[in-house]
Amino acid sequence: MASLSIYFSFLLSVLVVFQGFSNLAESKECFINAIYSFGDSIADTGNLLREGPAGFFAPIGSLPYGKTFKKPTGRCSDGLLMIDYFALALNLSFISPYLDRTANFDNGVNFAVAGATALDNSFFLKRATFPTVTNSPLSVQLEWFKTHLNSTCSSQTKCAKLLKRALFLVGEIGGNDYNYAFTQGTSIKKVMTYVPQVVQSIIKTAKEVIDVGAVQLVVPGNFPIGCMPSYLTMFFSLDPGAYDEKKCLKEYNAFAMHHNKQLQAALEDLRHAYPHVTIMYADYYQAFLHLLDKAPELGFDKDSLLQACCGVGGEHNFNMNIMCGMPGASTCSNPSKHISWDGIHLTQEAYKVMAQSLIMEGFAYPNYRVQEEWGC
């Protein structure tokens, strides 16, 4: 009964956070006291901005990015991301990007970089595919983490003690490995062969952080990419059979499901290898479909579910040559009514709903240890 009481206390604190984000200073301390994040633009809170964004990521340092947040921060959205809502739910300050040398890292560090891949650039160059955004893949982020840890704790015992109450977000990562390949003309059949190596890279990173003391991990899967305005525009088909009942591209969603199944199987093996560690799978795929299903009652415009808020042209308001923030692109008047921000990333409001679903509606699992260990 004690663990159940802690669980409901945790849910209550989360509800308070999501319904107003007020009185945080008066909230009880949560078990989790730090977040360490690895990943890409889904979680990056400013690392790419400090590296120097290029290509279609170049506008992230200027409005309209950060429009709802009132200023650009390097987040690939109009405002907050899921990692920000996780931090708020755990009564933590926002997790600073590693490359912000003036930041306070008492509540953890965000190593995620927009455009990052799970695999090193050498993998893609051998296959005539060119990652165009950053040279900070998962392996580099892991090295950043080790460097940070070496500067923070002097022994493995002290590091393990430091990390005992930390939450590690290992991803979402891997989506860009596939995005770069698909957008440069690689077939789905060929990209399927990348999946085992992408999953292996994610698992390797998870093992390495566990080996230095991590005991609370969340590893997200991929989104249903066939529902994204970018994919719907770039891979438009005249065949009605290419689309499902949600008007998403079936083949690309099937691909994402394949990645997610492989990742979940690997995570199950990891749980057997490390029974003392809480390893949760965050089901971004099903959480996003749940968001689509419930969108009108959640206040989203039912006629704009598959349209970007910020962009230009066509059925999905997306043009790869005129991305959000570029000359010629425009921004919708109310981003909170849209799910998609720029055709690739979600709006703050959509990320908020996604975070709620993951924390409170069972889209992160298994969650039996959350009741005992994540209480506030």
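Rules and cut-offs
- Residues numbered from 1 in each chain as written.
- Predicted model: local features only at pLDDT ≥ 70, side-chain atom pairs only at ≥ 80, totals over all residues.
- Heavy atoms only, no water.
- Disulfide = S-S within 2.5 Å.
- Helix = DSSP H or I, 4+ residues; strand = E, 2+ residues; numbered from the N terminus.
- Salt bridge = Lys/Arg side-chain N within 4 Å of Asp/Glu carboxyl O.
- Buried < 20%, exposed > 50% of the residue type's maximum accessible area, 1.4 Å probe, protein only.
- Contact = heavy atoms within 4.5 Å.

1. A look at the state of the cysteines
- In this structure the tally under the stated criterion is four disulfides.
- Note on cysteine connectivity: Cys 227 is disulfide-linked to Cys 248, with sulfurs 2.1 Å apart. Disulfide Cys 227-Cys 248: torsion about the S-S bond near 110°, hence right-handed. Residue Cys 227 is located in the loop between β4 (216-220) and α10 (229-234), and its partner Cys 248 is located in the loop between α10 and α11 (250-273); the two are separated by 21 residues in the primary sequence.

2. As for the pattern of salt bridges
- Applying the stated criterion to the full structure yields nine salt bridges.
- We note a salt bridge from Arg 75 to Asp 84, for which the minimum N-O separation is 2.8 Å.
- A relative accessible area of 7% places Arg 75 in the buried class.
- With a closest N to O distance of 3.3 Å, Lys 246 and Asp 293 form a salt bridge. Here Lys 246 is found in the loop between α10 and α11, whereas its partner Asp 293 is found in helix α12 (residues 284-294), with 47 residues between them in sequence.

3. Thoughts on the environment of Leu 305
- Structurally, Leu 305 is set in the loop between α12 and β6 (310-311).
- Taking relative accessible area as the criterion, Leu 305 reaches 18% and is therefore assigned buried.
- Distance in space between the C-alpha atoms of Leu 305 and Thr 73 is 25 Å, their sequence separation being 232 residues.
- Residue contacts for Leu 305: discarding those within four places in its chain leaves Leu 292, Ala 295, Phe 300 and Ile 339.

4. Regarding the side chain of Asp 100
- Note that Asp 100 resides in the loop between α3 (82-89) and β2 (108-110).
- A residue is classified by how much of its surface remains accessible, and Asp 100, at 16% relative accessible area, is buried.
- If near-sequence neighbours (up to four positions away) are discounted, Asp 100 is found in contact with Arg 50 and Phe 105.

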